[in-house]
Amino acid sequence: AENYGLFAGKYFVICGIPVLLIFIVLLPLAVKTVGAFRKEDYRNAKMLFQSGLHIAVVHALFAAVYVAIMATQLAGIFCETGADLAADMLRYGSVMILFTALFFYFSRLLQLCGKKYHLLGVLGLVNILFVITLAILLNNGKAGVMALIYGFMMSVGVGCILLGILCFRLLHAGADWL
């Protein structure tokens, strides 16, 4: 039970703070993007969407790399016991900062555009995939509490891809943002 407390109490907090800060920056941009989309200014909406995507990717990648590199030090600061396991969680699960920031950005755009059923379908799929992945890893593997990290990465990663595809199709944005 103590290991699951590391996941919920330490890992989520340490990875959640950068995601929250990135989402605070992206929230006004999402509103401006949807405003331009509703005014049928598709060129501006596409530019704003791509700007938000750049902001999310650059800041989230920086935060993910920072957390992965500083995992041992962060775990030592926040954990009295289980610092090694917490460091592994942060090291291997820091990519969740990127996935979660993009997931929140895409889901907020779809919600503001009125595509709530699309969003609900993807969220349901993400939850089902998480439960299936967790059941497989806990019953057949020896992942232990790391199964939560792996299941979270797989389900939110797939959800991020699906929501990204829906946003790109909705805003008529191509892959020219690279």
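Remember, predicted model here, so these are calculated numbers, not experimental data. (Residues numbered from 1 in each chain as written. Predicted model: local features only at pLDDT ≥ 70, side-chain atom pairs only at ≥ 80, totals over all residues. Heavy atoms only, no water.)

> Please explain the environment of Leu129 as it appears in this structure.
Within the secondary structure, Leu129 sits in helix 6 (residues 116-140). Using a relative accessible area of 24% as the deciding quantity, one classes Leu129 as partly exposed. Remark: the alpha-carbon pair of Leu129 and Asp41, spanning 88 residues in sequence, is separated by 37 Å. Those residues within four positions of Leu129 in sequence are excluded, and the remaining contacts are Met154, Ser155 and Val158. (Helix = DSSP H or I, 4+ residues; strand = E, 2+ residues; numbered from the N terminus. Buried < 20%, exposed > 50% of the residue type's maximum accessible area, 1.4 Å probe, protein only. Contact = heavy atoms within 4.5 Å.)

> Can you walk me through the pattern of salt bridges in this structure?
Think of it this way: side chains of opposite charge can pair up when their charged atoms draw near. Evaluated as defined, the whole model comprises one salt bridge. The salt bridge partner of Asp88 is Arg91, with a shortest N-O separation of 2.9 Å. Of this pair, Asp88 and Arg91 both sit in helix 4 (residues 83-93), three residues apart, roughly one helical turn. Take Asp88: its relative accessible area is 28%, and that puts it in the partly exposed class. (Salt bridge = Lys/Arg side-chain N within 4 Å of Asp/Glu carboxyl O.)

> What am I meant to see in a nonpolar patch on the surface here?
Together, Val13, Ile17, Leu20, Leu21 and Ile24 line one region of the surface with nonpolar side chains, adding up to about 470 Å² of accessible area. Here Val13 shows up in helix 1 (residues 2-38). Judged by its relative accessible area of 41%, Val13 falls in the partly exposed class. (Patch = residues over 30% accessible without salt bridge, like charges linked within 9 Å, V, L, I, M, F, W, Y side chains within 5 Å. Areas by Shrake-Rupley, 256 points an atom, 1.4 Å probe, with all protein chains shown as cover.)

> Would you mind showing me how to read the packing of aromatic side chains here?
Two aromatic rings are characterised by how far apart their centres lie and by the angle between their planes. According to the stated counting rule, one finds nine aromatic pairs in the structure shown. Ring geometry for Phe49 against Phe106: centres 6.2 Å apart, planes inclined by 35 degrees, an arrangement best described as tilted. Linking Phe49 in helix 2 (residues 42-69) with Phe106 in helix 5 (residues 96-112), this pair joins segments that are 57 residues apart in sequence. The burial state of Phe49 is the same as that of Phe106; both residues are buried. Pairing Tyr105 with Phe106 gives two aromatic rings, centres 6.0 Å apart and planes at 40 degrees, and the pair type is tilted. According to the relative accessible area criterion, Tyr105 is buried, its value standing at 0%. (Phe/Tyr/Trp six-rings, centres within 6.5 Å; stacked < 30°, edge-to-face > 60°.)

> When you look at the state of the cysteines in this model, what are you seeing that I'm missing?
By definition, a disulfide links two cysteine residues through a covalent bond between their sulfur atoms. For the coordinates displayed, the defined rule picks out zero disulfides. Looking at the unpaired Cys113, the closest cysteine sulfur is the one in Cys167, lying at 7.4 Å. The cysteine Cys160 is free of any disulfide, with Cys167 supplying the nearest cysteine sulfur at 9.5 Å. (Disulfide = S-S within 2.5 Å.)

> Which parts of the structure should I look at to understand the nonpolar core?
Looking at soluble globular proteins, one finds that nonpolar side chains tend to be buried together. Grouped together as the largest cluster of nonpolar side chains are 59 residues, with contacts concentrated most on Tyr11, Phe49, Met89, Leu90, Ile97, Phe106 and Leu109. Elements with a minimum of two residues in this core: helix 1, helix 2, helix 3 (71-78), helix 4, helix 5, helix 6 and helix 7 (146-170). The element best represented in this core is helix 1, accounting for 13 residues. For Phe106, the contacting residues outside a window of four places in its chain are Phe49, Leu53, Cys160, Leu163, Gly164 and Cys167. (Core = buried A, V, L, I, M, F, W, Y, C linked by side-chain atoms within 4.5 Å.)

> When you look at helix 5 in this model, what are you seeing that I'm missing?
Think of an α-helix as turning once every 3.6 residues; residues three or four places apart then point the same way. Compared with an ideal rise of 1.5 Å per residue, which puts 17 residues at 24 Å, helix 5 spans 24 Å between its outermost C-alpha atoms and is within 8% of the ideal. Across the 17 residues of helix 5, 13 count as buried, placing the element largely inside the fold. After helix 5 finishes, the residue Gly114 shows a positive phi value of roughly 85 degrees. (Expected span 1.5 Å × (residues − 1).)

> Where do I start with the confidence of the model for the protein in this structure?
As a note on interpretation, predicted positions should not be read in detail where pLDDT is low. Taken as a whole, the protein shows an average pLDDT of 87; of its residues, 96% reach a score of 70 or greater. Per-element confidence in the protein ranges from a low mean pLDDT of 84 for helix 3 to a high of 93 for helix 5. (pLDDT = per-residue confidence, 0-100.)

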